[in-house]
Amino acid sequence: MERMDKSREVWQRVMNSPPAVPKDGLRGLRRESAALAAAYRQLAGSLSGKAGEKAAQLYREETATSACLRGLEVLRGEDGGKLKYPQPGKEPALQLLRGCYHRTRNCVAEYTARAVDPETGAVFRALADRAQRQCGLLAELMGMI
């Protein structure tokens, strides 16, 4: 019985702990967004038909997310300089989509955690909603290829 109580306590701590926040704040979120945008750009160029269109939509949305995060940096008086989009690896499309799904899901957690901020919370709620929709699109894309 004591073992079950300890397991329950650990589970409660895990469920109540906030998601990991990047050490470099908004800059880290922007880097993550840039990496996702680069992956979507690569997918849009390599996939055809509806799948390519959906990847292009994801790319447009992620570049808008990146611009929004940069705007928040400027609002806070942080650097806000441009970031270069990294080159994604040469992995197969399905593997790249899986990675994007997990990264986007982590972004949902980050944005949701920041939604309580009185000044920028509404923006982060909108970003969390967009990222949730993107998770659905990514799952759909994985089912299409």
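The structure this text deals with has already been given above.
Residues numbered from 1 in each chain as written. Predicted model: local features only at pLDDT ≥ 70, side-chain atom pairs only at ≥ 80, totals over all residues. Heavy atoms only, no water.

Chemist: Quick question: what am I supposed to make of the overall build of the protein chain here?
Modeler: Of regular secondary structure, the protein chain possesses 5 helices and 0 strands. The buried share among the 145 residues of the protein chain stands at 36%. Sequence-distant contacts in the protein chain: of pairs separated by 6 or more residues, those separated by 24 or more amount to 79%. Of the roughly 8800 Å² of accessible surface on the protein chain, 54% is carried by carbon and sulfur atoms. (Helix = DSSP H or I, 4+ residues; strand = E, 2+ residues; numbered from the N terminus. Buried < 20%, exposed > 50% of the residue type's maximum accessible area, 1.4 Å probe, protein only. Contact = heavy atoms within 4.5 Å. Areas by Shrake-Rupley, 256 points an atom, 1.4 Å probe, with all protein chains shown as cover.)

Chemist: Help me out: how do you make sense of empty space enclosed by the protein in this one?
Modeler: To locate leftover empty space, one rolls a probe as large as a water molecule over the atoms. For the coordinates displayed, the defined rule picks out 1 cavity of 30 Å³ or more. Taken together, L36, E62, T65, T104, C107, Y111, L127, R130, A131 and Q134 make up the full set of residues lining the largest cavity. The set of elements that each furnish at least two residues to the lining of the largest cavity consists of α3 (49-75), α4 (93-114) and α5 (121-144). Here the element with the most residues in the lining of the largest cavity is α5; it accounts for 4 residues. By residue class, the composition of the lining of the largest cavity is 5 nonpolar, 3 polar and 2 charged. (1 Å grid on protein atoms, 1.4 Å probe; cavity = no way out; pocket = protein on both sides within 12 Å on 5 of 7 lines; lining within 4 Å. Points joined across faces, edges and corners; volume = space filled by probe spheres on them. Nonpolar A, V, L, I, M, F, W, Y, C, P; charged D, E, K, R; others polar.)

Chemist: What is the right way to look at the environment of R60 in this model?
Modeler: Positionally, R60 belongs in helix α3. Between the C-alpha atoms of R60 and A37, which are 23 residues apart in sequence, the distance is 7.9 Å.

Chemist: What exactly am I supposed to notice about the state of the cysteines here?
Modeler: Enumeration over the complete set of coordinates arrives at 0 disulfides. The thiol of C107 is not disulfide-bonded; the next cysteine sulfur, from C135, is found 8.8 Å away. (Disulfide = S-S within 2.5 Å.)

Chemist: Would you mind going over the nonpolar core with me for this structure?
Modeler: Proteins that are soluble and globular tend to have nonpolar side chains buried together. Residues Y40, L43, L69, Y111, F124, L138 and L141 are the most contacted members of the largest nonpolar core, which totals 26 residues. Sorting the residues of this core by element identifies α2 (25-46), α3, α4 and α5 as the ones contributing at least two each. Ranked by the residues each element gives to this core, the list is headed by α5, at 8 residues. Y40 has contacts with A55, L58, Y59, E62, C100, T104 and L138, leaving out every residue within four places of it along the chain. (Core = buried A, V, L, I, M, F, W, Y, C linked by side-chain atoms within 4.5 Å.)

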